[in-house]
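What the coordinates show
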Amino acid sequence: MEQQRYKVIIAEDDIHQVSLLRKYLEEMDLIVVSCVSSGIRLIEETKLHKPDIILLDIGLKKMDGITAFKEVLQSGVHPQIIFVTGSIITEHLLAGFEFESVDYITKPVNENRFKRAINKAKELIYAKKLIDAEVAEAINWVILKQNYRDVTVAENQIIFVEKDKEYRNRYIVHLKDGTTVETSTHLKEIKEMCSPNLVYSHRSYLINILYITAIQPDGMFTKNYNVSLDYTSEKVPLTKKNYMDAGDLFLKFRTQST
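Residues numbered from 1 in each chain as written. Predicted model: local features only at pLDDT ≥ 70, side-chain atom pairs only at ≥ 80, totals over all residues. Heavy atoms only, no water.

**A short note on the layout of surface pockets**
The following threshold applies: Whether a set of points on the 1 Å grid over the protein atoms alone is a cavity depends on a 1.4 Å probe fitting there but being unable to get out, while an open set qualifies as a pocket with protein on both sides within 12 Å along at least five of seven lines; lining residues are those with an atom within 4 Å of a point. Grid points are joined across faces, edges and corners, and a volume is the space filled by probe spheres set on the points. Only runs of H or I of at least four residues qualify as helices and only runs of E of at least two qualify as strands under DSSP, and these elements are numbered from the N terminus. In the scheme used here, Gly and all other residues not listed as nonpolar or charged are polar, with Ala, Val, Leu, Ile, Met, Phe, Trp, Tyr, Cys and Pro taken as nonpolar and Asp, Glu, Lys and Arg as charged.
What the second largest pocket holds in volume is close to 180 Å³. Surrounding the second largest pocket, K145, Q146, N147, Y148, N169, R170, E182, T183 and S184 form its lining. Counting only elements with at least two residues in the lining of the second largest pocket, the list comes to β6 (141–146) and β10 (180–183). Its residues placed into classes, the lining of the second largest pocket shows 1 nonpolar, 5 polar and 3 charged.

Have a look at this one:
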């Protein structure tokens, strides 16, 4: 693994716990960019520093850690998260799964377990950087029709594409930077211009499999699924037929959807 110093925010309202966590992190050569005791400050500092890792206590001041982290994700920042908390309430444990946390560590903190969690977070961050670098090496340009002119976007910037629900011949392309491009170019035409990484998840959606973070069963429609993607808080529908047709493309996510 490359030698890189990752940025960490500690969200904890106990100063003794903060000192302990900071000590462990500095021993592992990580950079603590901020320590916050309230959920509101966590949101502000995360937007400012864009950390690689957040150590999250649930019982923060003014706004609890779970509510605050939901707002962090909605802002488009997606750090690795490690819960470090005294809570063993079931709904809090479930939140750890919902946020796909690296670990849920209860206090008092075991040093070895904590450092294993940090190493796992570093591995996940590094793996994602490798994927991004690999994607960037060979850029495939996609030409989209928009109001009698062409708009060119890189395929590796496309997270997903959806058919507009209000206008018959309009499609919305969602990009990594949080912006969208409206186009009259049909889903089928977009797919033909792209690599096999762009696949149908639904007749009205294309998704970029490189940015899938999870596939989970849809609670309302049996046999259907919801896809979570990097760089967006939106969930994209995945039909059972498309799930099976894509075969090996979704294989590594199957254990998350059973």
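**Thoughts on the sheet that holds strand β14 (residues 225–229)**
Pairing between sheet strands relies on hydrogen bonds along the backbone, with the strands arranged either parallel or antiparallel. Stated precisely, the cut-off is as follows: Strands are labelled as partners when DSSP assigns at least two bridges between them. Between N-to-C directions, angles cover 0 to 180 degrees, with each direction set by a line fitted to C-alpha atoms, over the stretch in contact for helices.
Here we have 3 strands laid out as an open sheet, ordered β13-β14-β15, and antiparallel in their pairing. Sheet topology places β13 (212–217) and β15 (235–238) at the edges, where each strand pairs with a single neighbour. Each strand axis lies, on average, 30° off the axis of its neighbour in the sheet, ignoring direction. Where β14 and β15 come together, 4 bridges link them in antiparallel fashion. Along β15, the bridge assignment pairs Y225 with L238.

**Notes on helix α2 (residues 39–49)**
Put simply, the test is: In this scheme, a residue with accessible area under 20% of its type's maximum is buried, one over 50% is exposed, and one in between is partly exposed, where area comes from a 1.4 Å probe on protein chains only. Should any heavy atoms of two residues lie within 4.5 Å, those residues are counted as being in contact.
Listed as buried for α2 are G39, L42, I43, E45 and T46. Packed against the buried residues of α2 are β1 (7–11), β2 (31–36), β3 (53–56) and α3 (65–74). Just past α2, the residue K50 takes up positive phi, approximately 45°.

**Regarding the pairing of strand β4 (residues 80–85)**
Worth spelling out the cut-off: Here is how to tell: hold the view so the strands point away, follow the path from the first strand over the helix to the second, and if it runs clockwise the crossover is right-handed.
Burial analysis of β4 places 6 of its 6 residues in the buried class, which makes it a mostly covered element. Burial along β4 is two-sided: Q80, I82 and V84 facing one way and I81, F83 and T85 facing the other are all buried. In the sheet, β3 pairs with β4 via 4 bridges, with the strands oriented parallel. The residue bridging L55 from the neighbouring strand is I82, located in β4. As for the winding sense of the linkage, the β-α-β connection from β3 through α3 to β4 is right-handed. Where β4 meets strand β5 (residues 103–106), 4 bridges bridge the pair, whose relative direction is parallel.

**Section: the pattern of salt bridges**
Just so we agree on the cut-off: Put simply, a salt bridge is a Lys or Arg side-chain nitrogen that is within 4 Å of an Asp or Glu carboxyl oxygen.
Evaluation of the coordinates by the stated rule reveals 13 salt bridges. A salt bridge links E26 to R22; the nearest nitrogen and oxygen atoms lie 3.8 Å apart. Taken as a pair, E26 and R22 lie in helix α1 (residues 15–27) at a separation of 4 residues, close to a single helical turn. The class for E26 is partly exposed, based on a relative accessible area of 48%. Judged by relative accessible area, R22 falls into the partly exposed class, the value being 31%.

**Remarks on the confidence of the model for the protein**
Any region with low pLDDT has predicted coordinates that should not be read closely. Selection rule: Scored from 0 to 100, pLDDT reflects the predictor's confidence in each residue.
Taken as a whole, the protein shows an average pLDDT of 86; of its residues, 89% reach a score of 70 or greater. With pLDDT under 50 throughout, residues 254–258 is counted as low confidence; its partners more than four residues away or in other chains account for 11 contacts.

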